[in-house]
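What follows is each chain in one-letter form.
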Amino acid sequence: MWLADNRKPASEDCRIDTSSSLDPADWPAFRALAHKMLDDVITHVETIRQGPVWQPQPQENRGRFRQSLPTDPRDFGDVLDDVRTHVMPYATGNLHPLFMGWVHGAGTPVGMLAEMIAAGLNMNCGGRNHVGIDIERQIVRWMREAMGYPETANGLFVTGSSMANFMALTIAKTQALGLESRRNGLRAADHDLVAYASAEAHGCIAQAMQLSGIGSASLRLVPVDAAGRMMPSALKMMIGEDRAAGRLPFLAVATAGTVNTGAIDPLSEIAEIATRENLWYHVDGAIGAIAMLSDEMRPLFAGIEKSASVALDFHKWGQVPYDAGFLLVRDGEKQRQTFDQPAAYLQRADRGLAAGDSWPCDLGPDLSRGLRALKTWMTIETLGVERIGQSIAHTCMLARYLASRLESHPLFEVKAPVALNIVCFGIRGRGSDLVRVMVIDLQEQGIAAPSWTVIDGELVVRCAIVNHRTTQADLDGFIAAMVAYLRRQDF
Ligand SMILES: Cc1ncc(COP(=O)(O)O)c(C=O)c1O
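Residues numbered from 1 in each chain as written. Predicted model: local features only at pLDDT ≥ 70, side-chain atom pairs only at ≥ 80, totals over all residues. Heavy atoms only, no water.

Asker: When you look at the sheet that holds strand E8 (residues 412-414) in this model, what are you seeing that I'm missing?
Answerer: Through backbone hydrogen bonds, the strands of a sheet pair up, either in parallel or in antiparallel fashion. The strand order across the open sheet formed by four strands is E8-E9-E11-E10, and the pairing between neighbours is antiparallel. Looking at which strands have only one partner, the edges of the open sheet turn out to be E8 and strand E10 (451-455). Mean inter-strand twist for the sheet, computed between neighbouring axes without regard to direction, equals 40°. Bridge analysis of E10 against strand E11 (residues 458-464) gives five bridges, and the strand direction is antiparallel. Each residue of the ladder has a partner; that of Ser451, found in E11, is Arg462. Its contacts with the sheet put helix H15 (residues 432-444) on strand E9 (422-427), E10 and E11, and the angle it makes with E11 is roughly 35°. The strands that helix H16 (residues 472-488) touches are E8, E9 and E11; relative to E8, the one it contacts most, it runs at about 130°. (Pairing = 2+ DSSP bridges. Helix = DSSP H or I, 4+ residues; strand = E, 2+ residues; numbered from the N terminus. Axes fitted to C-alpha atoms, helices over the stretch in contact; angles between N-to-C directions. Contact = heavy atoms within 4.5 Å.)

Asker: I tried to follow the sheet that holds strand E7 (residues 325-329) on my own but got confused; where do I start?
Answerer: Reading across the sheet, the seven strands line up as E1-E7-E6-E5-E4-E2-E3 and stay open at both edges, with mixed pairing between neighbours. Edge strands, defined here as strands with exactly one partner in the open sheet, are strand E1 (154-158) and strand E3 (219-222). Here the strands of the sheet are splayed against their neighbours by 20° on average, with no regard to which way each runs. With four bridges joining them, strand E5 (residues 280-285) and strand E6 (residues 309-313) adopt parallel strand pairing. What sits directly across from Val283, in E6, is Val310.

Asker: Hey, could you run me through the site of the ligand in this one?
Answerer: Taken together, the neighbourhood of the ligand is formed by 15 residues, with Ser161, Ser162, Asp284, Asp313 and Lys316 sitting nearest. The separation between an oxygen atom of the ligand and a polar side-chain atom of Ser162 is 2.6 Å. For the ligand, an oxygen atom lies 3.1 Å from a polar atom in the side chain of His315. The protein chains hide 85% of the 390 Å² of surface that the ligand would expose on its own. Considering each element in turn, the shell around the ligand owes the most residues, three residues, to helix H7 (residues 161-177). (Near = heavy atom within 4 Å. Polar contact = N/O pair within 3.5 Å; in protein donor to acceptor, adjacent residues only side chain to side chain. Areas by Shrake-Rupley, 256 points an atom, 1.4 Å probe, with all protein chains shown as cover.)

Asker: Could you clarify how one ought to interpret the nonpolar core in this entry?
Answerer: Nonpolar side chains tend toward joint burial in soluble globular proteins. Ranked by size, the top nonpolar core spans 69 residues in total, and within it Met143, Met147 and Phe314 carry the most contacts. In terms of residue count, the dominant contributor to this core is helix H6 (residues 131-147) (seven residues). With residues up to four places along the chain from it excluded, the contact list for Met147 reads Ala289, Met292, Ile304, Glu305, Leu312 and Leu328. Within the second largest apolar cluster, 33 residues are counted, among which are Leu402, Met438, Ile479 and Tyr485. (Core = buried A, V, L, I, M, F, W, Y, C linked by side-chain atoms within 4.5 Å. Buried < 20%, exposed > 50% of the residue type's maximum accessible area, 1.4 Å probe, protein only.)

Asker: Would you mind going over helix H11 (residues 267-277) with me for this structure?
Answerer: Listed as buried for H11 are Leu267, Ile270, Ala271, Ile273 and Ala274. One side of H11 carries all its buried residues, which in axial view fall inside an arc of 165°. Those residues of H11 that are exposed and aimed more than 90 degrees away from the buried face are Thr275 and Arg276. Structurally, H11 contributes buried residues whose contacts are with helix H10 (232-244), strand E4 (248-255) and E5. Immediately beyond the C-terminal end of H11, within one or two residues, lies Asn278, with a positive phi of roughly 60°. (Arc of directions from axis to C-beta.)

Asker: How should I be thinking about the confidence of the model for the protein chain in this particular structure?
Answerer: Interpretation of the predicted coordinates at a detailed level should be avoided for regions scoring low in pLDDT. Per-chain confidence: the protein chain averages 96 in pLDDT, with 97% of residues scoring 70 or above. Per-element mean pLDDT across the protein chain ranges from 51 in helix H1 (residues 10-13) up to 99 in E7. (pLDDT = per-residue confidence, 0-100.)

Asker: Just checking my understanding: could you explain unusual backbone geometry for this structure?
Answerer: Apart from glycine, the bulk of residues carry a negative phi angle, and the bulk of peptide bonds sit in the trans form. Residues Tyr322 and Asp323 are joined by a peptide bond in cis, for which omega reads -10°. Examined against the element boundaries, Asp323 turns out to sit in the loop between E6 and E7. Of note in this structure, Asn122 is not a glycine but carries a positive phi near 50°. The topology assignment puts Asn122 in the loop between helix H5 (109-121) and H6.

Here it is, written out as structure tokens:
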């Protein structure tokens, strides 16, 4: 019996008072509204091709989200109508097959449902003894297997690779300075720390240096070759110069798929240098690492298995809905040594809800965390690694197709080699101004959503084909739309 002997069952002397509960008063009505909304979101995904890729919000729509704090309740059905009218039409657009800007995954209906289930169960995955922790550990096991890491590896879901890279840098710094540096900070360091990444590395690496307190001036940007890959000989030379100047090289970051062009640094050669020089070897695999799931693409990433840590994103090529970043660390004990925080209120037990030696909160800075693992697990369980891998390889094939069609077209020129799924191109004989305005117009007209970047000082159109829905016919339509657009400009 759960009641003490001197207490009567609740039903005998009091009615259950639910007036302070935030649950619906009318569950059947709530259920009906919820089912309708679920249907509407499924229809939104199912018919995604029929609408514009993206549309700017009219001023009145922005106004809907500039109101003061509401005090009184509103009918839930009315709130859902607001979502239909004011939210759904103005999303980012990344579900659409012609969204090619930045590096956005498209998600899947399975992942969408998983998010709903995760929110319903509302687990706090910072720790404790429940199934959410086991699902996350399942993903750790899978990623160990995929990356060729040993049993000692551990890992953690995080928001994205920006956070995963920052955490890897923090582990590397803690190892280089000793565990006491967690308390003493950088002041106690005998030498200035220096890290290395290519000149094409993502900006979050420099930011991680800033956040760590080391400072981005201590990030050496190693020159790249014509294909945008780090030059190992330059890395070796820079490490030598820093050692000669009394500095302490501690970290080499290789990129597996650079943000500008998708270039893959020479992972094995960098691994060798890092091992010889006793540097932490981290791979920023935000874009590319998940391609280890593809038999066809795995050879491109040879050397990733030698790294000390890998940052990767399920929410990009893995098509898991945002957000689902991940950090995998070869020696899980080093990860724990960096982040664990003994606290009386978090003490463990050998049974009960506080059971378990190591909790996710010991492996990173977050204590409260949601169940990102469920949408990842459901996506991989439902689709299977082979199908996900094939969709990744397919986007690379599409990128090569787009590049070859552009290259043979009199109006366009490809500006960088296509290593993976990113195509950068310009308008022949025209500079940055037309590129800029064309990209914006295509976005605003809802035709396509490429983005841009700068290559050799010149603004170029950048298409990152991440979306599993994109087809060759979509890309033919994209080229035709650009040609029509340029003709309208009398070009
Ligand atoms: C190479 C690379 N590293 C890191 C990041 C940051 O990842 P996230 O946006 O998941 O934080 C990106 C984002 O596109 C990236 O391309």
